[in-house]
Amino acid sequence: MSKKKYRDTGAEYTSRKPILYTKKDKTLYVLQTAGAILVTLIMVFPVYWMIVTSFKSGNVLLTKELNLLPDALNLDNYIEACTRVPLFRYILNTIAVTVIIMILKLTTGVLAAYGFARGRFWGRDVLFYVILGAMMVPHQVIFVPVYVLCSKLGWVDTFAGLVLPSAVAPHFIFMLRQSFKSVDDSYVEAGKIDGLGTLGAIIRIMVPMCKATLITASLNTFITSWNSYFWPKIITQSDKIRVISVGLVHLRESWNGVAMWQHTNVTMAGCVITMIPAVILFFVFQKYMLTGYSKMAMK
């Protein structure tokens, strides 16, 4: 890049040489594009197949031919999925459980993350390492003592048993702690000079400045809670509080033997219905998710 001066004014301008791509660069670009297309097809095709199957009739479903398009766009499968089991009751239960879990995780996560990011107390780093270690422990390892505790408290087949064991999330605390540490100390000091206490600094300074991370963590919590199956399957026993992930299995098992496979189209219709809220939320808040992950990775 070279600089030259105009003869009259003496102003400088910059002349850029054209970028020449080599044959190796073009080959690499083609391979990257082909790889991206292939990965996209592998991830999208199962979703496409689920949607197409949800519109197929039972006769077309069991043929040996590969039909990539539905025989007719009818809603009979969707109607049967909603009437055979109380699907909308399952959805309402899932919404209620998910919202309560999000509120609890937001409250506990914000307070704990602020303590780990800004607090000064003995054993802070050790406790944070314990939190990181808890992220590596699967639910299948600890579900027995948790179930025994819920049984002793009378929380089996109740909303309390569904919600309270998920009130704290280690990954939520980790994400918020990384985001809180990226906020400059001068903002917090200025807030304290203006009379803000610890809670005021969290609500008026930390939360607004880390909004992208909060939205990202909340969406992750929503998707995780919406798709949760293992614990709701264990703790619920009736349609009164059954969530949608367990309800879909109940829908599939409402037929016996071979009939279960003959009605796969109805099960797929139920899956499409339950997928809609998560897809809408992702497309609405995807820019916040990208920003939140970027901020967490930069710290």
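Residues numbered from 1 in each chain as written. Predicted model: local features only at pLDDT ≥ 70, side-chain atom pairs only at ≥ 80, totals over all residues. Heavy atoms only, no water.

## Quick notes on a nonpolar patch on the surface
Side chains of Leu38, Val39, Ile42, Met43, Val44, Phe45, Tyr48, Leu66, Leu68 and Leu69 sit close together on the surface and give an oily, nonpolar patch of about 1,000 Å² of accessible area. Here Phe45 shows up in helix 1 (residues 23-54). (Patch = residues over 30% accessible without salt bridge, like charges linked within 9 Å, V, L, I, M, F, W, Y side chains within 5 Å. Areas by Shrake-Rupley, 256 points an atom, 1.4 Å probe, with all protein chains shown as cover. Salt bridge = Lys/Arg side-chain N within 4 Å of Asp/Glu carboxyl O. Helix = DSSP H or I, 4+ residues; strand = E, 2+ residues; numbered from the N terminus.)

## Here we look at the nonpolar core
Note that soluble globular proteins tend to have their nonpolar side chains buried in a common cluster. Counting residues in hydrophobic clusters, the biggest one holds 20 residues, and the most contacted among them are Tyr78, Leu87 and Ile244. Counting residues per element, the ones that place at least two in this core are helix 3 (76-84), helix 4 (87-118), helix 11 (211-227), helix 13 (244-252) and helix 15 (264-298). In terms of residue count, helix 15 provides more of this core than any other element does, 5 residues in total. Ignoring any residue separated from it by four or fewer positions in sequence, one finds Leu87 in contact with Ala81, Cys82, Ile244, Leu248, Gly270 and Ile273. (Core = buried A, V, L, I, M, F, W, Y, C linked by side-chain atoms within 4.5 Å. Buried < 20%, exposed > 50% of the residue type's maximum accessible area, 1.4 Å probe, protein only. Contact = heavy atoms within 4.5 Å.)

## Here's the deal with the pattern of salt bridges
What the rule picks out here adds up to 3 salt bridges. The salt bridge partner of Asp185 is Arg118, with a shortest N-O separation of 1.9 Å. Linking Asp185 in helix 9 (residues 185-193) with Arg118 in helix 4, this pair joins segments that are 67 residues apart in sequence. Taking the relative accessible area as the measure of exposure, Asp185 reaches 44% and is therefore partly exposed. With a closest N to O distance of 2.4 Å, Asp239 and Arg242 form a salt bridge.

## A few points about helix 3
Taken together, the buried positions of helix 3 are Asn77, Tyr78 and Ala81. In a view along the axis of helix 3, the buried residues occupy a sector of 100°, so they form one face of it. Residues of helix 3 that are exposed and point over 90 degrees away from its buried face: Asp76, Ile79 and Thr83. (Arc of directions from axis to C-beta.)

## Quick look at the packing of aromatic side chains
This structure, assessed with the given rule, holds 7 aromatic pairs. Considering the side-chain rings of Phe55 and Tyr78, the 5.4 Å spacing of their centres and the 50° angle between planes classify their relative orientation as tilted. One end of the pair, Phe55, is in the loop between helix 1 and helix 2 (58-61); the other, Tyr78, is in helix 3, and 23 residues separate them in sequence. Of the two residues, Phe55 and Tyr78, neither departs from the other in class, the shared state being buried. Aromatic side chains Phe143 and Phe230 sit 5.1 Å apart centroid to centroid with 90° between the ring planes, which places their arrangement in the edge-to-face category. With Phe143 in helix 6 (residues 139-152) and Phe230 in helix 12 (residues 230-235), this residue pair connects regions lying 87 residues apart in the sequence. For Phe230, a relative accessible area of 30% gives the class partly exposed. Among the aromatic residues, those joined into a cluster by ring pairs are Phe45, Tyr48 and Trp49. (Phe/Tyr/Trp six-rings, centres within 6.5 Å; stacked < 30°, edge-to-face > 60°.)

## Things to note about the confidence of the model for the protein chain
Predicted confidence across the protein chain gives a mean pLDDT of 81, with 88% of residues reaching 70 or more. Mean pLDDT values for the elements of the protein chain range from 46 in strand 1 (residues 2-5) up to 91 in helix 7 (residues 159-163). Taken together, the stretch residues 1-13 has pLDDT below 50 and engages in 17 contacts with residues farther than four places along the chain or on a different chain. (pLDDT = per-residue confidence, 0-100.)

## So, unusual backbone geometry
Most peptide bonds take the trans form, and the phi angle of most residues other than glycine is negative. In this structure, Asp157 is a non-glycine residue whose phi angle is positive, near 60°. Relative to the elements of secondary structure, Asp157 occurs in the loop between helix 6 and helix 7.

## Things to note about the packing of helix 4 against helix 8 (residues 170-181)
Closest axis-to-axis distance for the helix 4/helix 8 pair is 8 Å, and the angle between their directions is 50°. In terms of orientation, helix 4 lies oblique with respect to helix 8. In terms of crossing hand, the pair formed by helix 4 and helix 8 is right-handed. Across from Lys105, Leu106, Gly109, Val110, Ala112, Ala113, Tyr114, Phe116, Ala117 and Arg118 in helix 4, the residues of helix 8 making contact are Phe172, Ile173, Leu176, Arg177, Phe180 and Lys181. (Axes fitted to C-alpha atoms, helices over the stretch in contact; angles between N-to-C directions. Parallel < 35°, antiparallel > 145°, perpendicular 65-115°, else oblique. Left-handed = near helix turned anticlockwise from the far one by under 90°.)

## A few points about the side chain of Asn265
On the secondary structure map, Asn265 appears in helix 15. What makes Asn265 buried here is its relative accessible area of 3%. At 2.8 Å, the side chain of Asn265 and the backbone oxygen of Lys56 are in polar contact. Beyond its immediate sequence surroundings of up to four residues, Asn265 is in contact with Thr53, Ser54, Lys56, Ser57, Gly58, Leu61 and Asn77. (Polar contact = N/O pair within 3.5 Å; in protein donor to acceptor, adjacent residues only side chain to side chain.)

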